[in-house]
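Residue-level listing of the chains:
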Amino acid sequence: MERLPGFRDFYPEPLPDPNAWSADLRRHVFDAWRDSARRYGFREYDGPPLETLELYTAKSGAEIVGQLYNFTDKGGREVTLRPEMTPTLARMAGAHDRQYRKPLKWFTIPQLFRYERQQKGRLREHFQFNADIIGEKAAAADAELMALLIDSLRALGLTRADFMLRLSSRNAWQEFFNRRCADAAKAYDFYQAIDKLEREAPAVSESRLVALGFSLDEVRAFIAAGQPTEELQRILDDLAMRGLADFVKVDYGVIRGLAYYTGPVFEAFDCQGEFRAIAGGGRYDNLVQLVSNGKVDLPALGFGMGDVVLTELLKARGLSPKNVARLDAFVLIEDESLRPDSLKLLQTLRDAGLAADYPLVAAKSDKQFKRALEANATHTVRLERSAAGSMMARIKQLAARTEEVVSVTEVVRALQ
Ligand code: HAM
C-alpha cells in the first residue's frame, strides 16, 4: 500500500534512504521552536484538526478555500481539515478573551492540510509553528514577534548569512490601491496579484493587474521606492534596539496571500533565494471580530513557520544534527544467568532518568553490540562476577574506548 501523495512518513534515524523524512530531525526542529517560544514568554495552546468549513470560507480568502480537504460528516455538517491555525486561534480567543489578561502571547505547532499542487517546499500536509499576540496595537508587538521568528531560526544554527525578513505593509498597499481603484471588492484580487509577482511570469501578472486597472510598471515602481511607513519605522527602531535590525529589510514585494491581513506583514526567506518562504505573518486586526460575529474586538498579529522549507534549508546548510537520539547506556547480557540482575540494574538506570536499553531476548554478543551502536549509545554496561564472587559492572565508553569496572551501586554515578 502506498501513502497518499503529498503526505509524509517520518522514520527514526538511520534513515532508510536519504530522501526519507527524519522523525529525529522533526523533534529537533520542534524542540527549537518550543524553546524559543518559552524564552519569549509564549504559552502553548491547541485546537481541533477538524473545523467547520464556515470558519475559513469568508475569512481566509478564495485561494486557501480552494485547497481545503473538506467533506460532509456523518451528521451532515460541512467540515474541513484545518489548512491553517489563525481562524481557530481567533475563535478560541474570542470565546474566552475575558479569562486572560491581554495581550495573549500564545504558540502552537499544529499539523495542517492543504490540497495543493505538490512542488518543492509545498506538500499536502505540514507542521507549522504559530506564534501570535492578541490584544496589542503597539508596534512593539510586531517587533516582538519578528524577534521571536529571528531567534527561532537562530536557535537552529541559521545566521544572517542564511536568512532575512522582508517587512511590508498591507496599509501601504491598500492606500496605493485606493488611490487608483474605488471598487473595494477588487482589493483581494489585487493583493493576490502582488503576492504572486515573484512566482508568476511577468505577462501573467501584467494581465491580472491590467484587468484591475493597474500596470505592472507602476506596481514595480512602488516596490522599488520601498520607503518605510511610520508604522514600519517604529518596528525597525524597536528591532534595532535589540540588535536585530540587520535581519530585516523593508520590501513591498511582500503582501501575503491570505485575505485577513490588515497592517504590517512580513516573510522570512533564505538569502540565496533557493527556497520558497520559510515563514510568513502579520497583523490581522479584524479577524477576531469577524469570527466572533462582532462580539469581541481585539487587534491581533502572528506568524506561521512551516517545517518543510525549513527542513530543506537546514539540510542544504548542513545543519541537521547527526544522531539526535541517544542512549546513555546499553546493558549487555552475555550470560543469561545474569539476566535477573541485569534487569534490576536496567530499572535502576531508568529510575535515575537515564536512557537505557537492553536485549529483550538472548542474543549473540556481537549482535547486542551492533544494536548498542545503532541506538547511538554512549556506553555499554555489562554485569560480571568478580573472582571473589561479588557482582561488578563493566562500563565501556564507546567514543573514547575506555573501560572501568565499578560496583553495581556505583553505575548510575559513573554514567552521570
Ligand atoms: P502561510 O503563509 O499560508 O500563513 O503559511 C506559513 C508558512 O507555512 C509558509 O511560509 C510555509 O513555510 C508553510 N506552508 C504553507 N503551506 C505549505 C504547504 N502546502 N506545504 C509546506 N509548507 C507550507 C499562514 O498559514 C498564516 N495562518 C500564518 C499566520 C499566523 N499569520 C498570522 N498568524
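So, here is what we can say about the structure in this document. Computed from a predicted structure; not experimentally measured.

1. Overview of the packing of aromatic side chains
The geometry of an aromatic ring pair is captured by the separation of the ring centres together with the interplanar angle, meaning the angle of the planes.
Then step 1. Applying the stated criterion across every chain, the model contains 26 aromatic pairs.
Then step 2. Aromatic side chains Tyr-260 and Tyr-261 sit 4.9 Å apart centroid to centroid with 55 degrees between the ring planes, which places their arrangement in the tilted category. Here Tyr-260 and Tyr-261 have matching classes, each one buried.

2. What to know about unusual backbone geometry
Then step 1. Omega for the bond connecting Glu-13 with Pro-14 falls within 30 degrees of zero, at 0 degrees, which places this linkage in the cis form.
Then step 2. Residue Pro-103 follows Lys-102 across a cis peptide bond; omega there is -5 degrees.
Then step 3. Its place among the elements puts Pro-103 in the loop between helix H4 (86-95) and strand S7 (104-108).
Then step 4. Of note in the backbone geometry, Asn-376 takes a positive phi value of approximately 60 degrees without being a glycine.
Then step 5. Here Asn-376 is to be found in the loop between helix H14 (365-374) and strand S17 (379-385).
Then step 6. Given the relative accessible area of 15%, Asn-376 is considered buried.
Then step 7. Despite not being glycine, Arg-401 has its phi angle at roughly 55 degrees, a positive value.
Then step 8. Structurally, the position occupied by Arg-401 is in the loop between strand S18 (391-397) and strand S19 (402-407).

3. Some words on empty space enclosed by the protein
Then step 1. All chains considered together, the criterion is met by one cavity of 30 Å³ or more.
Then step 2. Considering only enclosed or pocket space, the largest cavity measures out at about 60 Å³ in volume.
Then step 3. Phe-10, Trp-21, Ser-22, Leu-25, Arg-26, Val-29, Phe-30, Asp-307 and Thr-311 together form the lining of the largest cavity.
Then step 4. Looking at the lining of the largest cavity, the elements with two or more residues in it are strand S2 (21-22), helix H1 (23-39) and helix H12 (307-316).

What counts and what doesn't
Residues numbered from 1 in each chain as written. Predicted model: local features only at pLDDT ≥ 70, side-chain atom pairs only at ≥ 80, totals over all residues. Heavy atoms only, no water. Phe/Tyr/Trp six-rings, centres within 6.5 Å; stacked < 30°, edge-to-face > 60°. Buried < 20%, exposed > 50% of the residue type's maximum accessible area, 1.4 Å probe, protein only. Helix = DSSP H or I, 4+ residues; strand = E, 2+ residues; numbered from the N terminus. 1 Å grid on protein atoms, 1.4 Å probe; cavity = no way out; pocket = protein on both sides within 12 Å on 5 of 7 lines; lining within 4 Å. Points joined across faces, edges and corners; volume = space filled by probe spheres on them.

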